[in-house]
Structures are given as C-alpha cells and as structure tokens.
Amino acid sequence: MAAAQARKWEKRNMTRTIILLLIAISTMAHAEDRLDLPDPLTNNNGKTVDSSKAWEQVRRPEILELFRTHVYGRTPATQAKLSFEVFDENPTALGGKALRKQVALVATAAQKSLRMEMLIYLPVSAKQKPVPVLLLLNFSGNHTINPDPAIAISESPSRTKKPLRDTPRGANESRYPVEKILSRGYGIATLYYGDIDPDFHDGFKNGIHPLLDPVEGRAADAWGSVGAWAWGLSRCMDYLETDKNVDRGKVVLLGHSRLGKTSLWAGAQDERFRIVISNNSGCTGAALAKRKQGETLAAINNRFPHWFCGNYKRYNGKEETLPLDQHMLIALMAPRATYVASATKDGWADPKGEFLACVHAEPVYKLFGLSGLNTAVMPQPDQPINDGHIGYHIRSGRHDMTEYDWQRYMDFADGHWKRSTGKDEGKGTLIDVRTQTEYRKGHLKNSINIPHVEIGARIKDHVKDKKEDIVLYCRSGMRAGVARKVLEDMGYENVVNGGSYHLLKEKAAGD
Ligand code: GTR
C-alpha cells in the first residue's frame, strides 16, 4: 500500500517537473518575442502611422531625430564648401580592364581645409554608358585594396598611428575583389575613413571636426566619428553625382563592421543611396541592442568613446530604456532597398539580432506596399534571402567581408533593379494602383503598389525616365485610367492602362 502511495507521489512529482520544464522552455522560446521593441509605426504621440505619407512626413523625421539625439549625434548645421580635383584618370588601368580615377574632395570651412581622396575603378563599358557603383570606406588606405602601383597613399593618421605607407599595397585585397566587381558591370569607389576623421579619441581635434564643430563646448548630442564618416560618404556621393561615367541613380552604399554601422547611418540620412548594405555591423549597426547579445552598449562605449554621441553612454547597461532600437534604423531605408549580412562565427555582432532587426523593419516596407524580408525564419548559412526589398544572409565563417558577400550584394542589386523596373519581364514598370489592403490580398508578380491617389507624388521614386514603359492595373481598369491621366499630365510618355487584375492574372496563368 505504502509502495503504491510512493509510486503515486513519484508520478505526481514527475508530472509537476515536466510541466515546470515545459513552462521554462516556452518562456525561453518567447524571451525573444517579449523583447520590448518600440514600434516603428507608432508616432511619439501614440498615433498609428497608417500611410506612407504619414511615415515620410511625420514618423521618419521623428526616428531620425531619435537616432541623432541618443545614438550617433547631430551632423553640424555648418556646411563646408566642397571642391573636386580629379588628379588621376587612366582609361586602361588594371591591364586594360578598368577606367581608374582618383579624386580629391576638398572641404573648406572656418579657414581650414580637409583633403579626402577617393579611388574609383569603373568597368571600361562606363565610357559608353554610366554604370552602377558600389561605394564604401576602407580601413587601411586606398592603396591596400589593390596592388595597383598608381594608387596614391594617404598621409592621414592610421588607427595605430603607424604611417599608412607601412602597410603594403594590396594587403587587404581579399576584402576588395575589384576585378570580379568590374566583370559584373559594377564600379567600385572607396575612400580611407581616416581621411575624414582618424579613428582614435583625441577630443575631436582632427579630421573634419575643427572645420565644422563649434569652437567652444561639446553638446551631449554632438556627432562622433561614425557621424563624421557618414558625412564623408555623402560628400563622396556629391562627387559621384557629377561623374558622367557613373549612374547616379544606382549608387549602392556598403560597409563592413564599424564601417557597416556607418553605411547604415549614412544611408538613413541620405536618400540618394538607393541600396544600403551592412556587412557584419553588429552593435549599433544592424543588431538589436535590447537583446544584449555579443557586444553590449557598455562594451562599445567604453572601448570606443569617440564613435557615438555623449548621450548614448547613458544607456550603458540600460538597453531596455533606449527609446529606439536598430530595426528602426533599417526601416529608415524604406522604400529603398537594404541588405544585412552576418557571419556564423561572428557572435560578437549577434547574427540573430541582425536578422531580427530586418524582420522588425518589415512593417514599414509593407506600408509602402513593398515586400521586405518575407520570412521570420532565420535562413541556414550561405542561403541568401534576396527577393524582397530587405535582403539577408549569414555566411559560413568569421567576421570579414569576402568575395562571397560581394557576389551576394551584386545579385541583390541586379535582382532589385530588374524587379523594380520590371525589365526582366520586358514590360516596363508594372504598377498595381489599388489600395494596400487589396494589394496584400494578392497581386501580379513583379508589380509594385502605388495607390492611384498617391501616384503623382510617388512615381519619381520608381521611374526616373519619363520615356520608360509603365503598365498600370487595378480591379476594373477605372483607377488605372485615372492614374494614367495623372502620369501623362506629368509628362510620362509611355503609360498603358493594363486593365483588370483578375483578367491579367488569368492571362499570366495561361502564358
Ligand atoms: C570591434 C568592435 C565592433 C566592430 C569591429 C570592427 O572591435 O567591437 O563593434 O565595429 O571592431 O569595426 O572591426
């Protein structure tokens, strides 16, 4: 009898233990979901953002302001005068494979000037037709990206204070597969980040700071080095826009690690960058801070006190009190395209946090009727997600930027431009002019959504050339007709009313 009682107790205890275990496991599984992330689509006053117009006019500026105030600091209002000097141009560089240019960007303000030198390689086809360009800052000098003996060596200080010329030409070649880039029809433009602001803490005395910062005092939201490097990227864009061999509508901005944090901040502020890529950017780049995985705010602020603004240090160890998180930085790229890449052995950068930031940025893309990542499931290593406006991959290997990463970025850019112009279908740009709700329920492959009442304001984001073919459709053809009239009045020459969604869908199924 006693033995039977004991068995009963044992069974009951076991059941209790199993229940407790299950609760513990489910709590662990939901810890991620319970991350208290601020909603990118709720305004500071608590109102829900329900249209792309409200995003652009109210919420986007609010989020930019949050990042300026609490994280990267404010770019000074003072403007530097900028001039360009193309001091080298060689149409047969790299054994005839490249058109090389070296351009000095000279900024002048407060009776001082700063010289920053950009190196550009373009495929020779650029002489006939402007090409898309991948723009990035480099860590150790332009001369380290390729052994080309003609690359000028910067005199700016290095991180270690060792002269840059001590690092051999081409030392970092594996990170910059120039010839592979050119063979895909892309150009590459790069500038040494220390030309803009040397990467050590000297109380903001060198680089661009003495030209633009106030003489006295430093505000808690004054910009740090990441802000300064981002400013430099916009100056690179100022030049690229003037170069007749560059397709200014197709400048892709990318960056690795601290320079990936920088590319995101530069891309958030400057909408001329049409695709913005972050490679292994981690803490204060693509990774969600509130997860506190890998590098934390205290770790980054203590080691690199000059990267961000003074206010950011208030959140050391208190990530949960931040009024923002990095998914909101990624959302600032919308409706442009963006791509985040992680590496399996880069736990310091929290790959899962980088992925989740993309997932949580997606609602903003949906507001524009655009697809984002299209999944909340982290992909296997080396399985890129690249068919929406947000791309992602996790490469096998360590913290680095390899040829694998570059190839995926060019795949993404190729696909994005084909999709957004519908060129792969040979049909021009296909636009669904129904409401977002109707579009979400089903739409034609390769179509983008611009509700007919917004077409006048938003068409320029998608179609720059007024001679380009545009096909519009809606439920019956009525709204497409109205939108067509708007576009024709604006000077678009080749607009077709494709008519009814259901008929087109049936036709597509029959093709
Ligand atoms: C690390 C830093 C990271 C990352 C990296 C890099 O030391 O902790 O945030 O930026 O440097 O830029 O290489």
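Residue indices begin from 1 for each chain and proceed along its sequence in written order. In view of the model being predicted, local features appear only for residues whose pLDDT reaches at least 70, and side-chain atom pairs are presented and counted only at 80 or more, with totals across whole chains, interfaces and linings using the full set of residues. Side-chain measures here rest on the full set of heavy atoms in the structure, leaving out hydrogens and waters.

**Regarding the site of the ligand**
- Taken together, Ser-257, Arg-258, Lys-261, Glu-295, Ile-300, Arg-303, Phe-304, Trp-307, Trp-348 and His-399 make up the full set of residues adjacent to the ligand.
- Here a polar contact is recorded for every N or O atom pair within 3.5 Å, except that within protein the pair must consist of a potential hydrogen donor and a potential acceptor, and residues adjacent in sequence are included only if both atoms are side-chain atoms. At 2.6 Å, a side-chain N or O of Glu-295 approaches an oxygen atom of the ligand.
- Where accessible areas are quoted, they stem from the Shrake-Rupley method and a 1.4 Å probe; at the residue level, only the protein chains shown are allowed to cover. Considered on its own, the ligand offers 320 Å² of accessible surface; in the complex 84% of this is hidden by protein.
- Helix and strand assignments come from DSSP, with helices taken as H or I runs of at least 4 residues and strands as E runs of at least 2, each series counted from the N terminus. Where the shell around the ligand is concerned, the elements lending two or more residues are helix H7 (258-269) and helix H8 (297-303).
- A per-class count over the shell around the ligand returns 4 nonpolar, 2 polar and 4 charged. Proximity is defined per residue: if any heavy atom of the residue lies within 4 Å of a molecule or strand, that residue is considered near it. Charged residues are taken to be Asp, Glu, Lys and Arg, nonpolar residues to be Ala, Val, Leu, Ile, Met, Phe, Trp, Tyr, Cys and Pro, and polar residues to be all remaining types, Gly included.

**Observations regarding helix H2 (residues 52-72)**
- Taking 1.5 Å of rise per residue, the 21 residues of H2 would be expected to cover 30 Å, yet its terminal C-alpha atoms sit only 25 Å apart, more than 12% below that figure.
- Largest kink in H2: about 40°, centred on Arg-59, with the proline Pro-61 one to four residues after it.
- Buried within H2 are the following residues: Ser-52, Trp-55, Arg-59, Arg-60, Glu-62, Ile-63, Leu-64, Leu-66, Phe-67, His-70, Val-71 and Tyr-72.
- Any two residues whose heavy atoms approach within 4.5 Å are treated as being in contact. In this structure, the buried residues of H2 make contact with helix H6 (225-240), H7, helix H9 (326-331), helix H10 (351-367) and helix H13 (455-458).
- Where H2 terminates, the next one or two residues include Gly-73, which has phi positive at roughly 85°. Here the expected length of a helix is defined as 1.5 Å per residue gap, with one fewer gap than residues. Bend, at a single residue, is the angle you get between axes fitted to the 7 residues ending at that residue and the 7 residues starting at it. Only protein chains enter the accessibility calculation, which uses a 1.4 Å probe; a residue whose area is less than 20% of its type maximum is buried, one above 50% is exposed, and one in between is partly exposed.

**Structural notes on the domain arrangement of the protein chain**
- Delimitation of the domains relies on an automatic or database domain assignment. Here the protein chain is described as being made up of domain 1 (65-420) and domain 2 (429-510).
- The junction of domain 1 with domain 2 conceals about 820 Å² of combined surface from both sides, 45% of it contributed by carbon and sulfur atoms.
- Note: buried area is the sum, over both parts, of the accessible area (probe 1.4 Å) each one loses when the two are combined. The largest share of the area that domain 1 buries against domain 2 comes from Phe-368, Gly-369 and Ser-420, three residues that together contribute 43% of it.
- Any carboxyl oxygen of Asp or Glu within 4 Å of a side-chain nitrogen of Lys or Arg constitutes a salt bridge here. The tally of links between domain 1 and domain 2 comes to 0 salt bridges.
- For the interface between domain 1 and domain 2, the tally reads 4 residue pairs in polar contact (both at pLDDT 80 or more).

**Considerations on the side chain of Ser-234**
- Counting through the fold element by element, Ser-234 comes out in helix H6.
- Other than its neighbours up to four places away in sequence, Ser-234 contacts Asp-270, Arg-272 and Phe-273.

**Quick word on the sheet that holds strand E11 (residues 448-449)**
- We treat two strands as partners when DSSP finds at least two bridges between them. Here we have 4 strands laid out as an open sheet, ordered E11-E10-E12-E13, and parallel in their pairing. Across the chains shown, the open sheet's two edge strands, defined by having one partner strand only, are E11 and strand E13 (494-500).
- Note: strand E10 (residues 429-432) against strand E12 (residues 469-474), 4 bridges, orientation parallel. The residue bridging Ile-431 from the neighbouring strand is Leu-472, located in E12.
- Sheet strands in contact with helix H14 (residues 478-489) are E12 and E13, and its direction is about 150° off that of E12. Axes here refer to lines fitted to C-alpha atoms; in helices the fit is confined to the stretch in contact. Angles between the N-to-C directions go from 0 to 180 degrees.

**Quick notes on the packing of H6 against H7**
- The geometry of H6 relative to H7 is characterised by a closest axis approach of 8 Å and an angle of 60° between their N-to-C directions. With respect to their mutual orientation, H6 and H7 come out oblique. For H6 against H7, the interelement crossing comes out right-handed. Within the contact between the two elements, H6 uses Val-226, Gly-227, Trp-229, Ala-230 and Leu-233 and H7 uses Arg-258, Leu-259, Lys-261, Thr-262, Ser-263, Trp-265, Ala-266 and Gln-269.
- When the residues that make up the contact of H6 with H7 are grouped by side-chain class, the tally is 7 nonpolar, 4 polar and 2 charged. We call two directions roughly parallel when the angle between them is under 35 degrees, roughly antiparallel when it is over 145, roughly perpendicular when it lies between 65 and 115, and oblique otherwise. For a crossing to be left-handed, the near helix must be turned anticlockwise from the far one by less than a right angle; the clockwise case is right-handed.

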